[in-house]
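Okay, here's what each chain looks like letter by letter:
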Amino acid sequence: MIIETFVTTAFQQNTRVVACERTLKAICIDPGGRAYEIAEYIRRNNFDLQAIALTHGHLDHVGGVADLHRIFPNVEIILHKEDEPLYYALPEQPLFLGIPRMSFASLGLEFETPPKVTRNWEDKEIYKLGLLEFEIRHCPGHTPGHVVMCERREKKIFVGDCLFAGSIGRTDFPGGSYEKLMDSILNKILPFGDDVVVYSGHGPETTIGKEKRTNPFLNALF
Ligand SMILES: [Zn+2]
Ligand SMILES: [Zn+2]
């Protein structure tokens with residue numbers, strides 16, 4: 001598995017291009033921005049982009065979808081059904097963060113309505129990318145339609161904003177739930193195993209085992 005990270009937006013979001021090294025089939029997980037650089041990277045490496053794969057609908061994860069999809073108009077856009085309202089409300093999302101409309105332009109938070117989602121993630125589906133197989137798990141809590149993607153043989157999981165090195169996702173946004181997030185982390189993410197490397201939507205990589213031992217939201221439970 002080839003993984004390239006592009007840090008995007010003022011929120012330092014980790015956009016990732018993930019490719020199967022044998023077939024060069026690729027996905028872009030959570031394009032928050034920098035679409036032209038991402039497209040250039042994809043072309044330079046002769047990757048065959050098959051989808052824009054979204055963990056959830058927050059602006060720092062989807063702000064680059066429109067530009068990337070204009071460059072690659074035939075690729076799928078995949079998002080869980082329950083995050084579609086958030087996704088299509090992208091132009092209004094800064095208001096949810098308490099940012100007044102008059103400040104959108106100066107903060108670089110002016111967004112167009114993003115292109116149509118072409119398919120919805122299903123809980124427990126297997127998503128194939130060349131020879132890679134991602135297990136998709138619906139993990140609500142940070143948003144209602146958040147998903148994570150785990151490649152079990154490669155021992156890598158992409159968790160969006162559910163879990164971070166030393167922290168967990170915020171649950172104080174509309175549709176958030178601390179109880180649901182903890183249930184998602186404990187019962188759907190951690191069981192993938194201690195040696196699985198965690199790729200979060202913000203911050204550095206970690207492992208499930210390290211978070212069980214050291215994450216203040218989790219370590220009292222283990
Ligand atoms: Zn988020
Ligand atoms: Zn985020």
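Counting restarts for each chain, with residues numbered from 1 along the sequence as it is written. All chains are assigned letters beginning at A, and all ligands numbers beginning at 1, according to the order in which they are written. Given that this is a predicted model, residues contribute local features only at a pLDDT of at least 70 and side-chain atom pairs are listed and counted only at 80 or more, while totals for whole chains, interfaces and linings are drawn from all residues.

Draft legend 1. Quick peek at the pairing of strand E8 (residues 147–151). Judged by how many residues are buried, E8 sits mostly within the fold: five of five residues are covered. The pairing of strand E7 (residues 132–138) with E8 spans four bridges and is classified as antiparallel. Across the sheet, the residue bridging to Glu-135 is Cys-150, located in E8. By the bridge criterion, three bridges tie E8 to strand E9 (residues 156–160) in an arrangement that is antiparallel. Burial is judged by counting other C-beta atoms within 10 Å of a residue's own C-beta: 20 or more means buried, 12 or fewer means exposed, and anything between counts as partly exposed, with every C-beta placed from the backbone. For helices the rule is a DSSP run of H or I covering at least 4 residues; for strands it is a run of E covering at least 2, with both sets numbered from the N terminus onward. Any two strands with at least two DSSP-identified bridges between them are counted as paired.

Draft legend 2. Looking closely at the sheet that holds strand E5 (residues 76–78). The strand order across the open sheet built from five strands is E1-E2-E3-E4-E5, with neighbouring strands paired in mixed fashion. Two strands close off the open sheet at either side, each with one partner strand: strand E1 (2–8) and E5. In this sheet, neighbouring strand axes are inclined to one another by 25° on average, regardless of whether the strands run parallel or antiparallel. A pair of residues counts as a contact when their C-beta atoms, built from backbone coordinates, are separated by no more than 7 Å. Fitted lines through C-alpha atoms give the axes, limited to the stretch in contact for helices. The angle between two N-to-C directions lies from 0 to 180 degrees. Here helix H1 (residues 35–44) sits on the sheet and contacts E1, strand E2 (13–19), strand E3 (25–29) and strand E4 (48–53); the angle it forms with E2, its principal contact strand, is near 20°.

Draft legend 3. Layout of the environment of Arg-152. With respect to the helices and strands, the residue Arg-152 is situated in the loop between E8 and E9. The sequence separation of Arg-152 and Asp-172 amounts to 20 residues, and the corresponding C-alpha distance is 31 Å. Here Arg-152 is in contact with Glu-135 and Phe-192, once residues within four sequence places are set aside.

Draft legend 4. Local environment of the sheet that holds E7. Taken in spatial order, the six strands of this open sheet run E6-E7-E8-E9-E12-E13, and their pairing is mixed. Two strands lie at the open edges of the sheet, namely strand E6 (126–129) and strand E13 (206–207), each paired on one side alone.

Draft legend 5. Summary view of unusual backbone geometry. Even without being glycine, Leu-24 reaches a positive phi, approximately 65°. Looking at the secondary structure, you find Leu-24 in the loop between E2 and E3. The backbone of Asp-30 sits at a positive phi, close to 55°, despite the residue not being glycine. Topologically, Asp-30 is positioned in the loop between E3 and H1. Using a count of 26 C-beta atoms within 10 Å as the deciding quantity, one classes Asp-30 as buried.

Draft legend 6. Seen up close, helix H6 (residues 178–189). All buried positions along H6 are accounted for by Leu-181, Ser-184, Ile-185, Lys-188 and Ile-189. For H6, the angular spread of the buried residues around the axis is 115°, confining them to a single face. Every exposed residue of H6 that faces more than 90 degrees away from the buried side is listed here: Glu-179 and Asn-187. Where the residues of H6 are buried, they touch E7, E8, E9, strand E10 (163–164) and strand E11 (167–168). The directions from the helix axis to the C-beta atoms are what the arc is built from.

Draft legend 7. Molecular detail of the nonpolar core. Take the buried Ala, Val, Leu, Ile, Met, Phe, Trp, Tyr and Cys residues, join any whose C-beta atoms are within 7 Å, and the set you get is a nonpolar core. Counting residues in hydrophobic clusters, the biggest one holds 52 residues, and the most contacted among them are Cys-28, Val-148, Met-149, Ile-157, Val-159 and Ile-189. Excluding residues that lie within four positions of it along the chain, Ile-157 makes contacts with Val-148, Met-149, Cys-150, Ile-189, Phe-192, Val-196, Val-198 and Tyr-199.

Draft legend 8. Here's a closer look at the environment of Pro-174. Within the fold, Pro-174 resides in the loop between E11 and H6. Separated by 28 residues in the primary sequence, Pro-174 and His-202 have C-alpha atoms spaced 20 Å apart.

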